[in-house]
Amino acid sequence: MTTTVGASGTQACTLDTEHTLADVSVAGFHGLEIEIPSAATAADLFVFRKYTKLDDSGDTFYQSGPAITLRGSGAIRHESPFAPAQTAVATRFTVEQTDATGRTIGWAVYSS
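All residue numbers here refer to positions counted from 1 along the written sequence of the relevant chain. Where totals are concerned, whole chains, interfaces and linings use all residues; where local detail is concerned, this predicted model gives features only for residues with pLDDT of at least 70, and gives and counts side-chain atom pairs only at 80 or more. With hydrogens and water excluded, all non-hydrogen atoms of the structure serve as input to the side-chain values.

## A few points about the overall build of the protein
- Along the protein, the regular secondary structure elements total zero helices and nine strands.
- The order of α-helices and β-strands along the protein, N terminus first, is β-β-β-β-β-β-β-β-β.
- The quantity called the radius of gyration is restricted to C-alpha atoms. Its globule counterpart is 2.2 Å times the number of residues to the power 0.38. In terms of overall dimensions, the protein is globule-like: its C-alpha atoms have a radius of gyration of 14 Å, near the 13 Å expected for 112 residues.
- Dimensions of the protein, computed from the C-alpha atoms along their principal axes, are close to 40 × 30 × 20 Å.
- Contacts are assigned to residue pairs with any non-hydrogen atoms lying within 4.5 Å of each other. Considering only intrachain contacts with a sequence separation of at least 6, the fraction spanning at least 24 residues in the protein is 82%.
- Shrake-Rupley sampling with a 1.4 Å probe provides the accessible areas, and residues are treated as covered by the protein chains on show and by no other component. About 5,700 Å² of surface is accessible on the protein, with carbon and sulfur atoms providing 50% of the total.
- Here Asp and Glu are counted as negative and Lys and Arg as positive; His is not counted, and neither are the chain ends. A charge is said to be at NZ when it belongs to Lys, at CZ for Arg, at CG for Asp and at CD for Glu. Seen as two clouds, the 7 positive and the 12 negative side-chain charges of the protein have centres 3 Å apart. Labels follow the DSSP assignment, with helices taken as runs of H or I lasting at least four residues and strands as runs of E lasting at least two, numbered in each case from the N terminus.

## Quick look at the sheet that holds strand 3 (residues 28-36)
- Read across the sheet, four strands follow the order 1-9-3-7 without closing on themselves; strand pairing throughout is antiparallel. Among the strands making up the open sheet, the edge pair consists of strand 1 (4-12) and strand 7 (77-87). Looking at each pair of strands side by side, their axes are set apart by 15 degrees on average, direction ignored.
- Here, strands pair whenever DSSP counts at least two bridges between them. Relative to strand 9 (residues 104-111), strand 3 is paired through six bridges, and the arrangement is antiparallel. Looking at the pairing, Glu-35 lines up with Gly-106 of strand 9. Between N-to-C directions, angles span 0 to 180 degrees; the directions come from axes that are lines fitted to C-alpha atoms, helices contributing only their stretch in contact.

## A few points about the nonpolar core
- Counting 17 residues, the largest nonpolar core has Leu-32, Ile-34, Phe-46, Phe-48, Val-95, Trp-107 and Val-109 as its most contacted members.
- At the level of secondary structure, the elements contributing two or more residues to this core comprise strand 2 (18-24), strand 3, strand 4 (45-53), strand 8 (90-99) and strand 9.
- Those residues in contact with Val-109 that sit more than four places away from it in its chain are Thr-4, Val-5, Gly-6, Ala-7, Ala-22, Val-24, Gly-31, Leu-32 and Phe-93. Buried Ala, Val, Leu, Ile, Met, Phe, Trp, Tyr and Cys residues that are joined via side-chain atoms within 4.5 Å together make up what is termed a nonpolar core. Under the scheme applied here, a residue whose accessible area is under 20% of the maximum for its type counts as buried, over 50% as exposed, and between as partly exposed, the area being computed with a 1.4 Å probe on protein chains only.

## Focus on the pairing of strand 4
- Within strand 4, nine of the nine residues are buried, which leaves the element mostly enclosed by the surrounding structure.
- In this sheet, strand 6 (residues 68-71) lies alongside strand 4 in antiparallel orientation, the contact comprising four bridges. Bridge pairing in strand 6 places Val-47 opposite Thr-69.

## Quick notes on the packing of aromatic side chains
- Each aromatic pair joins two rings of Phe, Tyr and Trp (for Trp, the six-membered one) with centres within 6.5 Å, and gets the label stacked for planes under 30 degrees apart, edge-to-face for over 60, and tilted for any other angle. Summed over all chains, the structure comprises zero aromatic pairs.
- One residue, Arg-92, lies across the ring of Phe-61, its end atom 4.0 Å from the ring centre. We call a charge positioned above a ring when the Lys NZ or Arg CZ atom is no farther than 6 Å from the ring centre and deviates by at most 35 degrees from the ring normal.

## Side note on unusual backbone geometry
- Despite not being glycine, Asp-16 has its phi angle at roughly 60 degrees, a positive value.
- Among the residues examined, Asp-16 registers a relative accessible area of 54% and is labelled exposed.
- Phi is positive for Ala-100, which is not a glycine, with a value near 80 degrees.
- Its place among the elements puts Ala-100 in the loop between strand 8 and strand 9.
- Overall, Ala-100 belongs to the partly exposed group, its relative accessible area being 36%.

Right, dumping it as structure tokens:
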């Protein structure tokens, strides 16, 4: 099974706003890797969510499992908050920063 980067980029976080990082509209295994910048301190709180779409007929995504909360640490951190999981239709990854100063994070979605 070959793993590829399906999408990647950066997201400037606005406090208390849920930002969509990527919508992946193909079936397969999808995982998220994020980079929290070194400027982020323990006061910076990020909430990551994964959503899945159950069928092709609607536009509704449902949250898949619990949200993952990470704090900054003052050093660059690479994290994979969700284990790659198979989806039949579509997957959405989001981030929301709820505390401190709005930061820009790097992210990549891996698909196989």
